[in-house]
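Now for the letters of each chain:
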Amino acid sequence: MQEAIFAGGCFWCTEAVFNDIAGVHAVESGYIGGANPNPTYREVCSGTTGHAEGIKIGFNEMVVSYADLLDIFFATHDPTQLNRQGNDIGTQYRSAIFPLDEAQRAEAEAAIARATANLSLPVVTTIEGPATWYAAEDYHQQYWADEGRGNPYCVATIPPKLQKLRTSFADKLKD
């Protein structure tokens, strides 16, 4: 099993997308890329810690490749928005990839090049790290599956991402 760490805005939204991918066995929401050890949600939301809301994905590379995960990442968030995703504004919502080794770093660079070729605006996604991963508080884990369907923000934001996933990556979905 392998791991990948991406930050693409609200972690509730990115977690919901990657939970539907065949070969993904775990998605954990958390914080990465900042200075404070063990940050809280409130601290990260303040924008003062330098952390991004991110997801750590556990995946089986025999079923889904890291390159596939990167392509899904770029297709299901807006990598052209600097330090924001829609109404979520601040460095904590930046688009970033946190490779765990040099092979992932090379794949991330290639994915940015692929995304750049397909978009009319510049890709602002950064490649960062190494950085320490901090799991978010329990109530953030599996948020869409648990209580997120009752959250108006999630109801407005997540279904369009899931539809894009189903339309563009139908062959990568769980049965």
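Residues numbered from 1 in each chain as written. Predicted model: local features only at pLDDT ≥ 70, side-chain atom pairs only at ≥ 80, totals over all residues. Heavy atoms only, no water.

Which residues make up the pairing of strand S1 (residues 2-8), and what values do they have?
In terms of burial, S1 is largely enclosed, as 5 of its 7 residues are buried. Inspection of the sheet shows S1 paired to strand S3 (residues 52-59) by 5 bridges, in the antiparallel sense. Bridging from a neighbouring strand, Phe6 pairs with Ile55 of S3. Across 3 bridges, S1 lies against strand S6 (residues 95-97) in antiparallel orientation. Within S6, the position partnered with Ala7 by the bridge is Ala96. (Buried < 20%, exposed > 50% of the residue type's maximum accessible area, 1.4 Å probe, protein only. Helix = DSSP H or I, 4+ residues; strand = E, 2+ residues; numbered from the N terminus. Pairing = 2+ DSSP bridges.)

I'd like to hear about helix H6 (residues 152-168), residue by residue, with values.
Given a rise of 1.5 Å per residue, 17 residues ought to cover 24 Å, and the 25 Å separating the end C-alpha atoms of H6 matches this to within 8%. Within H6, the axis deviates most sharply at Ile158, by approximately 25°, and proline Pro159 lies no more than four positions further along. Residues of H6 that are buried include every one of Cys154, Ile158, Lys161, Leu162 and Leu165, and no others. Tucked into the core, H6 has its buried residues touching helix H1 (11-18), helix H3 (66-75) and helix H5 (143-146). A distance of 2.8 Å separates the backbone nitrogen of Tyr153 from a side-chain oxygen at the start of H6, and that oxygen is part of Asn151. (Expected span 1.5 Å × (residues − 1). Bend = angle between axes of the 7 residues up to and from the residue. Contact = heavy atoms within 4.5 Å. Polar contact = N/O pair within 3.5 Å; in protein donor to acceptor, adjacent residues only side chain to side chain.)

Lay out the packing of aromatic side chains in plain terms, naming residues and giving numbers.
One pass over the full model with this rule turns up 8 aromatic pairs. Here the aromatic rings of Phe11 and Tyr31 are separated by 5.8 Å at their centres, their planes lie at 45°, and the arrangement is tilted. With a gap of 20 residues between them, Phe11 in helix H1 and Tyr31 in strand S2 (residues 24-32) connect regions that are remote in the sequence. Note on accessibility: Phe11 and Tyr31 belong to one class, buried. Seen in terms of ring centroids, Phe73 and Phe74 are 5.3 Å apart; in terms of plane orientation they differ by 65°. Their pairing is edge-to-face. (Phe/Tyr/Trp six-rings, centres within 6.5 Å; stacked < 30°, edge-to-face > 60°.)

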